[in-house]
Amino acid sequence: VEINGHSFELLAYVVKGDPVGKQRHRDGKNGSKYTPQKTRDYQHRIAWMTASQRNLREGAIATKSDAIFVNVRAMFARPNYLKKPNAADGLIVKRSKPDADNILKAVNDGIAKSGVMPDDAYYVGCQVFRYWVERGGTPRTEIEIYRIIE
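Conventions and cut-offs
- Residues numbered from 1 in each chain as written.
- Predicted model: local features only at pLDDT ≥ 70, side-chain atom pairs only at ≥ 80, totals over all residues.
- Heavy atoms only, no water.
- Helix = DSSP H or I, 4+ residues; strand = E, 2+ residues; numbered from the N terminus.
- Contact = heavy atoms within 4.5 Å.
- Areas by Shrake-Rupley, 256 points an atom, 1.4 Å probe, with all protein chains shown as cover.
- Lys, Arg positive; Asp, Glu negative; His and termini not counted.
- Charge placed at Lys NZ, Arg CZ, Asp CG, Glu CD.
- Phe/Tyr/Trp six-rings, centres within 6.5 Å; stacked < 30°, edge-to-face > 60°.
- Buried < 20%, exposed > 50% of the residue type's maximum accessible area, 1.4 Å probe, protein only.
- Core = buried A, V, L, I, M, F, W, Y, C linked by side-chain atoms within 4.5 Å.

A. How the structure looks around the overall build of the chain. Of regular secondary structure, the chain possesses two helices and eight strands. Reading the helices (α) and strands (β) of the chain from amino to carboxyl end gives β-β-β-β-α-β-β-α-β-β. Along the three orthogonal principal directions, the C-alpha set of the chain runs to about 50 × 50 × 25 Å. Partitioning the intrachain contacts of the chain with sequence separation of at least 6 by distance along the chain shows that 82% fall at a separation of at least 24. As displayed, the chain offers around 8900 Å² of accessible surface, 50% of which is attributable to carbon and sulfur atoms. Of the charged side chains in the chain, 25 are positive and 17 negative, and the gap between their average positions amounts to 9 Å.

B. The packing of aromatic side chains, seen in detail. Under the defined criterion, the tally for this structure stands at four aromatic pairs. Ring centres of Phe-69 and Tyr-146 lie 6.2 Å apart, and the angle between their planes is 55 degrees; on these two criteria the pair is classed as tilted. Pair noted here: Phe-69 is in strand E5 (residues 67-76) and Tyr-146 is in strand E8 (residues 140-149), with a separation of 77 residues, a long-range link. Exposure remark for Phe-69: the relative accessible area of 25% places this residue in the partly exposed category. Residues Phe-76 and Trp-132 carry aromatic rings whose centres are separated by 6.5 Å and whose planes lie at 70 degrees to one another, so their mutual orientation is edge-to-face. Here Phe-76 is found in strand E5, whereas its partner Trp-132 is found in strand E7 (residues 123-132), with 56 residues between them in sequence. One aromatic cluster is present, built from ring pairs that chain together Phe-8, Phe-69 and Tyr-146.

C. View of unusual backbone geometry. For the bond from Lys-97 to Pro-98, the omega torsion is 5 degrees, close enough to zero to count as cis. Looking at the secondary structure, you find Pro-98 in the loop between strand E6 (92-93) and helix H2 (100-114).

D. Structural context of the nonpolar core. If you look at the biggest cluster of nonpolar residues, it comprises 29 residues, and the most contacted ones within it are Tyr-13, Ile-111 and Met-117. For this core, the secondary structure elements donating two or more residues are strand E2 (6-16), helix H1 (37-53), E5, H2, E7 and E8. Residues contacting Met-117, with those up to four places away along its chain left out, are Ile-61, Ala-62, Ile-68, Ile-111, Ala-112, Tyr-122 and Tyr-123.

The values reported here are purely geometric and, on their own, carry no functional implication.
Next comes the structure, spelled out in structure tokens:
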């Protein structure tokens, strides 16, 4: 893929289910901290889908000399008031929680857990959009990872 004179390698996939923002760590017994189960489950789904889309024999998508751009579209189940006949049929911009940055944190951690990229230090840019899903659609997270080839 080539855009504005730059070549890209693209890894694109969809994670089914409602998107989840990264939740704060909780205090456990004996002063330990843990990530809430809902966040861990979402990150695990992202890690599994990322790894399954990028055959692990192909290795990591990024090395220390690479630059990565991540595009995330989080699509949430519609609330009842948007299921009425007078509501729009297509995607509707979502202006409520979870925040876009918390969605990105959860996605980044899931990608890192997949083994295809060591961490988000390789990101040169990212973009997150939140929507209510289209009428009749299913909640999902669409993820595109672009490796810039220089």
